Amino acid sequence: MEIQEQKKMEKITQKILQISGAEAVIKSLLAENVDLIYGYPGGAIMPIYDKLYLYSAQLKHILTRHEQGATHAAQGFSRVTGKTGVVFATSGPGATNLITGIADAQIDSTPMVCITGQVSSHLLGTDAFQETDIVSISTPITKWNYQITKAKEIPEILAKAFYIANSGRPGPVLIDITKDAQFEMLDFNYKKCTNIRSYTATPKIEESKIKAAAQLINNAKKPFVVMGQGVLLGEAEQELKAFIEKANIPTATTALGLSGLESNHNLYVGMVGMHGNYAPNIMTNECDVLIAIGMRFDDRVTGDLSRYAKQAKIIHFEIDPAEIDKNVKTDVAVLGNVKETLAVIMPFIAKKTHSEWNKKFKDLYKIEYETVIKNQLYPTKKGLTMGEVLENINKETKGEAIIVSDVGQHQMFACRYAKFNKTRSKVTSGGLGTMGFALPAAIGAKMGMPNREVIAIIGDGGYQMTIQELGTIFQTKVPVKIVVLNNSFLGMVRQWQELFFDKRYASTEMVNPNFIKIAEGYDIKARKVEQREDLQVAIKEMVASKESYFLEVIIEKEDNIFPMIPTGSSVSEIRLK
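Residues numbered from 1 in each chain as written. Predicted model: local features only at pLDDT ≥ 70, side-chain atom pairs only at ≥ 80, totals over all residues. Heavy atoms only, no water.

J.: Which residues make up the overall build of the protein chain, and what values go with them?
T.: Broken down by element type, the protein chain carries 24 helices and 20 strands. Its C-alpha atoms give the protein chain principal-axis dimensions of about 95 × 65 × 40 Å. Evaluated residue by residue, the protein chain yields a buried proportion of 58% over its 577 residues. At a minimum sequence separation of 6, the contacts of the protein chain that also span at least 24 residues come to 76%. Element-wise, carbon and sulfur atoms account for 52% of the exposed surface of the protein chain, whose accessible area totals about 24000 Å². The centroid of the 67 positive side-chain charges in the protein chain is displaced by 4 Å from the centroid of its 64 negative side-chain charges. (Helix = DSSP H or I, 4+ residues; strand = E, 2+ residues; numbered from the N terminus. Buried < 20%, exposed > 50% of the residue type's maximum accessible area, 1.4 Å probe, protein only. Contact = heavy atoms within 4.5 Å. Areas by Shrake-Rupley, 256 points an atom, 1.4 Å probe, with all protein chains shown as cover. Lys, Arg positive; Asp, Glu negative; His and termini not counted. Charge placed at Lys NZ, Arg CZ, Asp CG, Glu CD.)

Here it is as structure tokens:
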């Protein structure tokens, strides 16, 4: 009798421990401290959504209006918080609609876990309704992906997914789960992943490399630092500042490195790259030691590689061994998380002044200011410029806002002229250059940092690529501020057509709808500015608003972004006009 009772209790205990694969997904997310998901339901992921309904008090789901919008929102959330963004989508078109956002996250090193539903395992390979081989499709653009066909795999695979996504150099992971695995029962036991055999998240620091780098830096007469997003991802802002201040090294950023060093820091000399500042681009080919910290020598930064910093010794601080010598041959490669490597090298760094060298950057800035900046920020011509819009936003926000920009001319104006006093304040699509990124990314950024002002800077072209996400703002009431700089052109392409194609504006002129009416249709307060005297008042009203706000500014049609390094040119050949 006692044995029978014991067996009965064991069966009851087993039933209590057993849950469905769908519920295991939700419990796994909770174990990873996830509290926000972006997504769009559908048939193949419906069991997971059904269980999500039961946990709505712990897990908030944001219904975006398109799966691409979900990925960009998750990116915006991740970029400002450092947490892993989470996305749900169904099979077939739901999954394929994630591809642009996943590719964007991969090239910009953004941690994201995408969970897609899939047809039942017995239908795999049969061209079933809404079946797509999303694992094969996403393999080149994910850090890792995996298809789950058995419920018992869910806890371990999701633990690996979160570990891989946000360890070492971050990136997106996709987990595809068949519908039968979502219904199947399993004994749930979740253990966080902290190590995977054959996967080295962060390389071991080599002391010999640290000492070799320090010797080059200490002997340099004209050292120059270019920092990238690796500083922000590694949370190494304070270590970077201590390093450059000790040796008094002028420091520039890449577009994704913006806000890793305050805009008003005395050693900050601007942004490098195709539309970067004059001084750091010119001085790249005059420095004797170039110190790259958490950046990957993208082609938009280097210009013609055969003429990039050939006179300099190259030191590369980098977490990803695959980036070493990929584009630029290094003299010393210091592998590891830059937060750790910069701390380790500090005792070996000598105090320096480099006053004459730093002065050269300031002298070149004066040339750029008189030739370009003054005209872009304080124009005398009748039409409004993108630069003056950014300058007026700076005045109202005092450099405290998170600026999320789309892709195009306005993106480069935002990179050049927005001021940043806090880290993780600039969010944009860098490597992939995804038009339509900003609106959903701003939604995610605001949800990630609800106590900070979030302003999306968007062109009239990119805005219409994800304009449906106004519906997400309408439903969630997230107070995002949207500024559309409307020049009725695909501005960056038009600029190239003007400069290099004899003003043949082929398929770049936009006939736009009434943006104000569209915003009002989503119950978003809206205002249109065409005159300079109305600009500051409108921006003040927008920033003061406690709710979402749409501001359309009509911009001069041929408001070009300079300086500019033409494609195939050296950084030394940067054009001021």
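J.: Could you give an account of the sheet that holds strand E6 (residues 144-148), with specific residues and numbers?
T.: Taken together, six strands build an open sheet; the order of strands is E3-E2-E4-E5-E7-E6 and the sheet is parallel. What marks the edges here is a single partner per strand, and that holds for strand E3 (60-63) and E6. Sheet twist, expressed as the mean angle between neighbouring strand axes with direction ignored, is 20°. Pairing of strand E2 (residues 36-40) with E3 involves four bridges; the strand directions are parallel. Residue pairing for E3: isoleucine 37 is matched across the bridge by histidine 61. (Pairing = 2+ DSSP bridges. Axes fitted to C-alpha atoms, helices over the stretch in contact; angles between N-to-C directions.)

J.: With reference to specific residues and values, describe the pattern of salt bridges.
T.: Under the counting rule described, the total for this entry stands at 25 salt bridges. Among the salt bridges present, the one from aspartate 363 reaches lysine 359, with a minimum N-O distance of 3.1 Å. Within this pair, aspartate 363 and its partner lysine 359 are both found in helix H16 (residues 355-377), separated by four residues, close to a single helical turn. Of the residues examined, lysine 359 reaches a relative accessible area of 42% and is grouped as partly exposed. (Salt bridge = Lys/Arg side-chain N within 4 Å of Asp/Glu carboxyl O.)

J.: Account for the packing of aromatic side chains, with residues named and values stated.
T.: For the coordinates displayed, the defined rule picks out 16 aromatic pairs. Ring geometry for phenylalanine 297 and tyrosine 308: centres 6.0 Å apart, planes at 75°, overall edge-to-face. You can see phenylalanine 297 sitting in the loop between strand E12 (289-293) and helix H14 (299-302) and its partner tyrosine 308 sitting in the loop between H14 and strand E13 (313-318), a full 11 residues away along the chain. Residue classification places tyrosine 308 among the buried residues on the basis of a relative accessible area of 4%. Taken together, the ring pairs in this structure connect Phe224, Trp357 and Phe361 into an aromatic cluster. Note that arginine 494 overlies the ring of phenylalanine 489, its terminal NZ or CZ placed 5.8 Å from the centroid. (Phe/Tyr/Trp six-rings, centres within 6.5 Å; stacked < 30°, edge-to-face > 60°. Lys NZ or Arg CZ within 6 Å of the ring centre and 35° of its normal.)

J.: Give me the sheet that holds strand E9 (residues 223-227): which residues, what numbers.
T.: Here six strands make up an open sheet; going across it, the order is E11-E10-E9-E12-E13-E14 and the pairing parallel. The sheet terminates laterally at strand E11 (268-271) and strand E14 (332-335), the two strands that pair on one side only. The mean angle between the axes of side-by-side strands here comes to 20°, regardless of whether they run parallel or antiparallel. In this sheet, E12 lies alongside E9 in parallel orientation, the contact comprising five bridges. From the neighbouring strand, proline 223 faces E12, where its bridge partner is valine 289.

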